[in-house]
Amino acid sequence: MKKKRVYTFGNGAAEGRADMKNLLGGKGANLAEMNLIGVPVPPGFTITTEVCTEYNELGRDYVVGLLKEEVEQAVAQIEELTGTKFGDKENPCLVSVRSGSRVSMPGMMDTVLNLGLNDDAVEGIAKKSGNERFAWDSYRRFVQMYGDVVLGMKPQSKEDIDPFEEIMDEVKESKGIELDTDLTTDDLKELVKRFKTAVKENTGNDFPVDPWDQLWGAVCAVFDSWMNERAILYRKMNNIPEEWGTAVNVQAMVYGNMGKTSGTGVAFTRDAATGEDIFNGEYLIDAQGEDVVAGVRTPQQITIEGSRRWAKLQGISEEERAAKYPSLEEALPECAKELIEVQQKLEDYFKDMQDLEFTIQDGKLWLLQTRSGKRTGAAMVKIAIDMLHQGYIDEKTALKRCDAEKLDELLHPVFDKKLLAQAKPLTNGLPASPGAATGQVVFHADEAEEWSKQGKQVILCRIETSPEDLRGMATAQGILTARGGMTSHAAVVARGMGKCCVSAANNVVINYKERTMTIHGKELKEGDWISLNGSTGLVYEGRIETQDAELDADFNELMEIADKYARMDVRTNADTPRDAKVARDFGARGIGLCRTEHMFFEEDKIIPMREMILAKDEEGRRKALEKLLPLQKKDFAGIFRAMDGLPVTVRLLDPPLHEFVPHDEKGQMEMARVMGISYKDIHERVEGLLESNPMLGLRGCRLGNLYPEITEMQARAIMEVAIELKEEGITACPEIMVPLTGIVHEFKAQKDIIENTIQKVFAEKNDSVEYKIGTMIEIPRAALTAHKIAREADFFSFGTNDLTQMTFGYSRDDVAKFLPMYLDKGILKHDPFAVLDQNGVGQLVSMAVQKGREVRPTLKCGICGEHGGEPSSVKFCHTVGLNYVSCSPFRVPIARLAAAQAAIEG
Ligand code: PEP
Ligand code: MG
């Protein structure tokens, strides 16, 4: 059977369904489904995502050949349902051509509206609509959009000028007009003429008059836009595979720009910023599809309630609001009523918060799109829990609905309340994306990137943002715009990124050229500090420090549900009592890695630590270790207290020694004084510690084997404290971990020292506690010989940082020299130090677990490399049967959710 490439829909029938997103893209699949459930949708068809891949592989001409017959039949169906004819002079059929991938990529790909217009068809539309101005306005928009998108006339850089905008400005200036809506029919006719001349001048070709040429041009342009730079960047940032491709949706046009009883808008069935269960959205009267998203005109609210709330935030009186910015419920009550019914129907049907696009043509409502709405992390949790309570979804679905990585937003800082109380608001705007941000003002996206690279905090300030600003937005702390609405580009993208954003800020005038901005007459220059509150929309002068976020009951409920389903425990990597407490509050079930060398960075410990490293002989080392013992005990006591009753894996010293010794003359002189030996001796000792490959040098258990007295001191500190804490009623559950084992004998030698020390402590104290002795698996040889090591070790903890380093042969410290290039070129899909390389490093993990459990079925296995808090890696850990993952405190909730999702997905 011939492969089906085109799926039609219209008039309550459809060839596709909502569950065909992979093939039809999100938009196409839901357009089909909306037809099936009786929502008014203009008829049309979807060209599948598979064709996009064929297009990229086989080329344009071949693919057009493949599609021709099916597309012609589908166009015939639109003609039949609308009673129009493609290319007809009297009754022309006009269509929109839009992209639509599996997941929405707002603003990243191209769209063409009003396709099918030419010098004849415009007359037909004028006659049919009885509105000549509307016909020519549509034609003007079409030539401009087609010229930009299909004929490649859109400026590629900030410096280039859009030829169409230039002509528009000239015409408006010559007529003394400010707004596009003030252009007369004659002005519009002149514009079309001049636009076409510009097309000829720029491209060497006439503007295509044949609607079929126009259609194929637009379809191919949408496929091409899948590979444009900003779409590629967006995919990379959101882990969207290139192979997915985009579908193309061709749909009969409906018009929001046919006068005062027409309009267009975007709406959310719940609040996308807070998750509250209130229908909300924005619309514009007498406007076309992209006008709301573009953020140029001030959009109005759909509901009266929303409109009043908006006016209050903007400082607009009720009289002014009702007169100038009425809600849709006031302006077109019948349409608003139908829209409210439709939104409820869609939410009930899809059982998720929907993001809708609609158009009203002459009093008739049409839905152009519905999709699961993008939302902030806070809204994601609230909607999942509310929908669970409201009976829309079950617990497992609630967990699956939440993106683990996005929880990060909830854990973000807010302003320090005391500082905030003293702060002076400069202005307010729309609370487009919540959170708090403070930084230095920059006006261009590339500068935001540049300054961020230099370690500066920046706030990107723009009149309005466009998809080209994406990179700059990603690196900025926050985004401020002078124009736009809650659904304009900046708001939607910032929300998706979890970036604080205030849009449409009042009385903000930005001068890009001078790099200045005035807010209520106060001038701010590039580099000045401002602070944004994306939850209230307030903009403050100066720098306001931030503090940790507070979590609410919905979050706690989600976490509790997660724990119910997760099979793996989540522990934390913590070296201080403070971090341990934060992690425990976030739900950590113990410490999976306490890096003891981190305890020695503090002022009071660095000197004896240096003495120990620089000591000439065992005697010198023992002297230094005696000083360190009480300090270590204090550290361990704090951590055991914070983790009372939960396991604490303490890793024996694993320092790159050279990092701990002074390299400057002053520091070396001080050590000479402290140790009572000559500067020359110290200097020589420091030089002697230099290694060509410190990461592969005297680290981990090699150090403990070379200087057993270090291991002895640490084992003693741990066990003495564990016993002493009993008096306080604290239960310490120490797990002593040997780092960097490669050979079982290395581990065994360390274990013997630890055991001997423990027995001595028990005898001295005449008491005992439970303990375990295990090892990290972070050297490939250890993974390969895991069955031997497991005979000796109580547990394995995978140190995937080192395991990645040694499996790839990439130095952890130097990888940045070439990694960005590898990622750019696609040689690597992810940074393997952030996302576990499941095919390579993962195989070693999986094999070591298996081999280890063959000889010790109860072997406890965990991971403590950075991957322990990364959702896809956590899921892998579940699959290979680890007992726990361990990650930094702020990643604990993310890992808990990811662990539950892994268990549900099985
Ligand atoms: C590891 O190697 O994965 C690990 C956790 O240890 P460190 O990062 O301290 O080397
Ligand atoms: Mg390591």
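All figures in this text were calculated on a predicted structure; none of them were measured in a lab.

Asker: Mind laying out the site of ligand 1, listing which residues take part and the relevant values?
Answerer: In the vicinity of ligand 1 there are 13 residues, among which Arg595, Glu778, Gly799, Asn801 and Arg812 approach most closely. In this structure, an oxygen atom belonging to ligand 1 sits 2.9 Å away from a side-chain N or O atom of arginine 651. Note that an oxygen atom of ligand 1 is positioned 2.8 Å from one of the side-chain N or O atoms of arginine 812. Among the elements of the structure, strand S26 (591–595) and helix H32 (800–808) are those that each provide at least two residues to the shell around ligand 1. At 3 residues, H32 tops the list of elements feeding residues into the shell around ligand 1.

Asker: Explain the pattern of salt bridges to me, using residue names and the numbers behind them.
Answerer: A side chain with one charge may pair with a side chain of the opposite charge, provided their charged atoms come close. Within the structure shown, the criterion is met by 69 salt bridges. As a salt-bridge pair, glutamate 735 and arginine 571 come within 3.1 Å of each other at their nearest N and O atoms. Separated by 164 residues along the polypeptide, glutamate 735 in strand S28 (residues 733–738) and arginine 571 in strand S25 (residues 569–573) bring together distant segments of the chain. For aspartate 654, the salt bridge is made with arginine 651, and the minimal N-O distance between the two is 3.5 Å. Residue arginine 651 is classed as buried on the basis of its relative accessible area of 5%. Three or more residues are tied together by salt bridges with common partners; here these are Glu597, Arg651, Asp654, Arg699, Asp802 and Arg812.

Asker: Could you give me a rundown of the sheet that holds strand S5 (residues 111–115), with the residues and numbers involved?
Answerer: Within the open sheet, the 6 strands sit side by side as S2-S1-S3-S6-S4-S5. Their pairing is antiparallel. The sheet is open, and its two edges are formed by strand S2 (13–14) and S5, each paired on a single side. Of the strand pairs in this sheet, strand S4 (residues 95–101) and strand S6 (residues 246–252) are connected by 7 bridges, and their pairing is antiparallel. Paired with serine 99 across the two strands is valine 248, which belongs to S6. Of the strands in this sheet, strand S1 (6–10), strand S3 (44–47), S4 and S6 are in contact with helix H3 (residues 60–82), which crosses S1 at around 5 degrees.

Asker: I'd love a proper account of the UniProt feature "binding site: Mg(2+)" (unreviewed entry) in the chain, names of residues and values included.
Answerer: The residues that UniProt annotates with the feature "binding site: Mg(2+)" (unreviewed entry) are Glu778 and Asp802. Despite a sequence span of 25 residues, these residues sit close together in the fold, their greatest C-alpha distance being 5.3 Å. Along the chain, glutamate 778 falls in the loop between strand S29 (772–777) and helix H30 (780–784). Of note, aspartate 802 is situated in helix H32. Look past the residues within four positions of aspartate 802 in its chain and what remains in contact with it is Met695, Arg699, Leu740, Glu778 and Arg812.

Asker: Explain the pairing of strand S32 (residues 884–887) residue by residue, including any values.
Answerer: A two-sided burial pattern is seen for S32, the buried positions comprising Tyr884 and Ser886 on one face and Val885 and Cys887 on the other. Strand direction decides the pairing type here: S25 and S32, joined by 4 bridges, are parallel. Within S32, the residue paired with valine 570 across the bridge is valine 885. As judged from the 2 bridges shared by strand S31 (residues 860–863) and S32, these two strands associate in the parallel manner. Residue pairing in the sheet places isoleucine 863 in a bridge with valine 885 of S32. After leaving S31, the chain enters helix H35 (residues 871–879) and then returns to the sheet as S32, a path that is right-handed.

Asker: Now, about helix H9 (residues 229–238): what can you tell me, with residues and values included?
Answerer: Looking at H9, one finds that the buried residues are Arg230, Ala231, Leu233, Tyr234 and Arg235. For H9, the secondary structure elements touched by its buried residues are helix H8 (211–225) and helix H19 (470–475). Regarding H9, its N-cap is asparagine 228, as a side-chain oxygen of that residue lies 3.2 Å from the backbone nitrogen of arginine 230 further along. Once H9 finishes, asparagine 239 follows within two positions and takes phi at roughly 55 degrees, a positive value.

Asker: Help me get a handle on the environment of valine 650, residues and values and all.
Answerer: Following the sequence through the fold, valine 650 ends up in strand S27 (residues 647–651). Its relative accessible area of 1% is what places valine 650 among the buried residues. As for valine 650 and glycine 592, which are separated by 58 residues in sequence, their C-alpha atoms are 8.0 Å apart. Look past the residues within four positions of valine 650 in its chain and what remains in contact with it is Cys594, Thr596, Phe636, Ile718, Glu735, Ile736 and Met737.

Asker: Could you give an account of the coordination of the magnesium ion (ligand 2), naming the residues involved and the relevant values?
Answerer: Here the magnesium ion (ligand 2) is held by the protein donor atoms Glu778 (OE) and Asp802 (OD), which lie 2.0 to 2.1 Å from it. Of the two residues, glutamate 778 is situated in the loop between S29 and H30 and aspartate 802 in helix H32; the sequence distance between them amounts to 24 residues. By the burial criterion, glutamate 778 is buried, and aspartate 802 matches it.

Asker: Now, about the UniProt feature "binding site: substrate" (unreviewed entry) in the chain: what can you tell me, with residues and values included?
Answerer: Residues given the UniProt feature "binding site: substrate" (unreviewed entry) here are Arg595, Arg651, Glu778, Gly799, Thr800, Asn801 and Asp802. Looking at the element boundaries, asparagine 801 is found in helix H32. In this structure asparagine 801 comes out as buried when scored by relative accessible area, which is 8%. Apart from the residues lying within four places of it in its own chain, the contact partners of asparagine 801 are Arg595, Arg812, Phe833, Gly865, Glu866 and His867. Aspartate 802 gets classed as buried once you look at its relative accessible area, which sits at 2%.

Asker: I'd like to hear about the side chain of glutamate 79, residue by residue, with values.
Answerer: Note on placement: glutamate 79 falls in helix H3. Not counting chain neighbours up to four residues away, the residues in contact with glutamate 79 comprise Thr84, Lys85, Phe86 and Cys93.

Asker: Requested: an account of the sheet that holds strand S10 (residues 354–361), with residues and values cited.
Answerer: The strand order across the open sheet formed by 5 strands is S9-S8-S7-S10-S11, and the pairing between neighbours is antiparallel. One side of each edge strand has no neighbouring strand; the edge strands of this open sheet are strand S9 (300–301) and strand S11 (364–372).

Asker: Explain the packing of helix H15 (residues 377–389) against helix H21 (residues 553–565) to me, and be specific about the residues and the numbers.
Answerer: As a packed pair, H15 and H21 sit with axes 9 Å apart at the nearest point and diverge in direction by 70 degrees. Accordingly, the angle class assigned to the pair H15 and H21 is roughly perpendicular. For the pair H15 and H21, the contacting residues are Val381, Lys382, Ile385, Leu388 and His389 in the first and Asp554, Phe555, Glu557, Leu558 and Ile561 in the second. Looking at the contact of H15 with H21, its residues break down into 6 nonpolar, 1 polar and 3 charged.

Asker: Lay out the packing of aromatic side chains in plain terms, naming residues and giving numbers.
Answerer: A full pass over the atoms with the stated rule returns 17 aromatic pairs. Consider the rings of tryptophan 310 and tyrosine 325, whose centres lie 5.1 Å apart with planes at 70 degrees: the pair is edge-to-face. Of this pair, tryptophan 310 sits in helix H11 (residues 304–314) while tyrosine 325 sits in the loop between helix H12 (318–324) and helix H13 (328–331), and the two are 15 residues apart along the sequence. Residues tryptophan 310 and tyrosine 325 agree in their burial class; the two are buried. Taking 5.3 Å as the distance between ring centres and 65 degrees as the angle between the ring planes, the aromatic pair formed by phenylalanine 586 and phenylalanine 890 counts as edge-to-face. A residue pair is termed long-range when its members are at least 10 positions apart, and phenylalanine 586 in the loop between helix H22 (577–585) and S26 and phenylalanine 890 in the loop between S32 and helix H36 (892–905) qualify at 304 residues. For phenylalanine 890, a relative accessible area of 32% puts it in the partly exposed group. An aromatic cluster of three or more residues is present, and its members are Phe808, Tyr810, Phe818 and Tyr822.

Reading the values: rules and limits
Residues numbered from 1 in each chain as written. Chains lettered and ligands numbered in written order. Predicted model: local features only at pLDDT ≥ 70, side-chain atom pairs only at ≥ 80, totals over all residues. Heavy atoms only, no water. Near = heavy atom within 4 Å. Polar contact = N/O pair within 3.5 Å; in protein donor to acceptor, adjacent residues only side chain to side chain. Helix = DSSP H or I, 4+ residues; strand = E, 2+ residues; numbered from the N terminus. Salt bridge = Lys/Arg side-chain N within 4 Å of Asp/Glu carboxyl O. Buried < 20%, exposed > 50% of the residue type's maximum accessible area, 1.4 Å probe, protein only. Pairing = 2+ DSSP bridges. Contact = heavy atoms within 4.5 Å. Axes fitted to C-alpha atoms, helices over the stretch in contact; angles between N-to-C directions. UniProt positions renumbered as here; feature names shortened; annotations may be inferred. Right-handed = clockwise from strand over helix to strand, strands pointing away. Donors = N, O, S within 2.8 Å, 3.2 Å for Na, K, Ca; no water. Parallel < 35°, antiparallel > 145°, perpendicular 65-115°, else oblique. Nonpolar A, V, L, I, M, F, W, Y, C, P; charged D, E, K, R; others polar. Phe/Tyr/Trp six-rings, centres within 6.5 Å; stacked < 30°, edge-to-face > 60°.

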